[in-house]
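Listed below, chain by chain, are the residues.
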Amino acid sequence: MTAELDELIATIAAMSRDEISTRLLNFKSDFPLDFTRDYLDRLPLDRLGHILLAAHLYQSRKQRKASA
């Protein structure tokens, strides 16, 4: 793992449920994320963190491919 990835994981792990949900609802990407606050509120906190991490990793991968 890179230091950047470790930092992202640590940052997400330290976030509250509300912080993660807000980030997901406002995530800027070139792929759709279609969540409602109600849906996110029903998910376990660890799943929310995994979704946010996956969104960041996928967006990063798409940006790397576009710049290659």
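Residues numbered from 1 in each chain as written. Predicted model: local features only at pLDDT ≥ 70, side-chain atom pairs only at ≥ 80, totals over all residues. Heavy atoms only, no water.

Asks: Whenever I open this one, the pattern of salt bridges confuses me. Can you help?
Replies: Two side chains with opposite charge may pair up if their charged atoms get near one another. Throughout the structure, instances matching the rule amount to two salt bridges. Where Asp18 meets Arg37, a salt bridge forms, and the shortest distance between an N and an O atom there is 3.1 Å. Of the two residues, Asp18 sits in helix H2 (residues 17–25) while Arg37 sits in helix H3 (residues 37–42), which places them 19 residues apart along the sequence. A relative accessible area of 49% places Asp18 in the partly exposed class. With its nearest N and O atoms 3.9 Å apart, the salt bridge here joins Asp38 to Arg42. Separated by four residues within a single helix, Asp38 and Arg42 lie in helix H3, roughly one turn from each other. Residue class for Asp38 comes out partly exposed when judged on its relative accessible area of 49%. (Salt bridge = Lys/Arg side-chain N within 4 Å of Asp/Glu carboxyl O. Helix = DSSP H or I, 4+ residues; strand = E, 2+ residues; numbered from the N terminus. Buried < 20%, exposed > 50% of the residue type's maximum accessible area, 1.4 Å probe, protein only.)

Asks: How do you make sense of the nonpolar core when you look at a structure like this?
Replies: If you look at soluble globular proteins, the nonpolar side chains tend to sit buried side by side. Among the nonpolar cores identified, the biggest contains 12 residues, and these are Ile12, Met15, Ile20, Leu24, Phe27, Phe31, Leu40, Leu43, Leu48, Leu52, Leu53 and Ala55. Of all the secondary-structure elements, those providing two or more residues to this core are H2 and helix H4 (45–67). Setting aside chain neighbours within four positions, we find Leu43 in contact with Arg17, Leu48 and Ile51. (Core = buried A, V, L, I, M, F, W, Y, C linked by side-chain atoms within 4.5 Å. Contact = heavy atoms within 4.5 Å.)

Asks: Help me understand the packing of H2 against H4, please; the structure alone is not making it clear to me.
Replies: To describe two helices that pack against each other, one gives the angle between their axes and the distance between the axes. Axis separation between H2 and H4 bottoms out at 10 Å; the angle between their running directions is 35°. With respect to the hand of their crossing, H2 and H4 are arranged in left-handed fashion. Of the residues in H4, those in contact with Arg17, Ile20, Ser21, Arg23 and Leu24 of H2 are Leu45, Leu48, Gly49, Ile51 and Leu52. Residue composition of the contact of H2 with H4, grouped by class: six nonpolar, two polar and two charged. (Axes fitted to C-alpha atoms, helices over the stretch in contact; angles between N-to-C directions. Left-handed = near helix turned anticlockwise from the far one by under 90°. Nonpolar A, V, L, I, M, F, W, Y, C, P; charged D, E, K, R; others polar.)

Asks: Could you clarify how one ought to interpret the side chain of Ser21 in this entry?
Replies: For Ser21, the position within the fold is in helix H2. The contacts of Ser21, once residues within four sequence positions are left out, are Arg37, Leu40, Asp41 and Leu48.

Asks: In this structure, what is going on with the environment of Leu48? I would like to understand it.
Replies: By the element assignment, Leu48 lies in helix H4. With a relative accessible area of 0%, Leu48 lands in the buried category. When the C-alpha positions of Leu48 and Gln63 are compared, they lie 23 Å apart, and in sequence the two are 15 residues distant. Leaving out residues up to four positions away in the same chain, Leu48 has contacts with Arg17, Ile20, Ser21, Leu24, Leu40 and Leu43.

Honestly, it's all geometry; don't read function into it.
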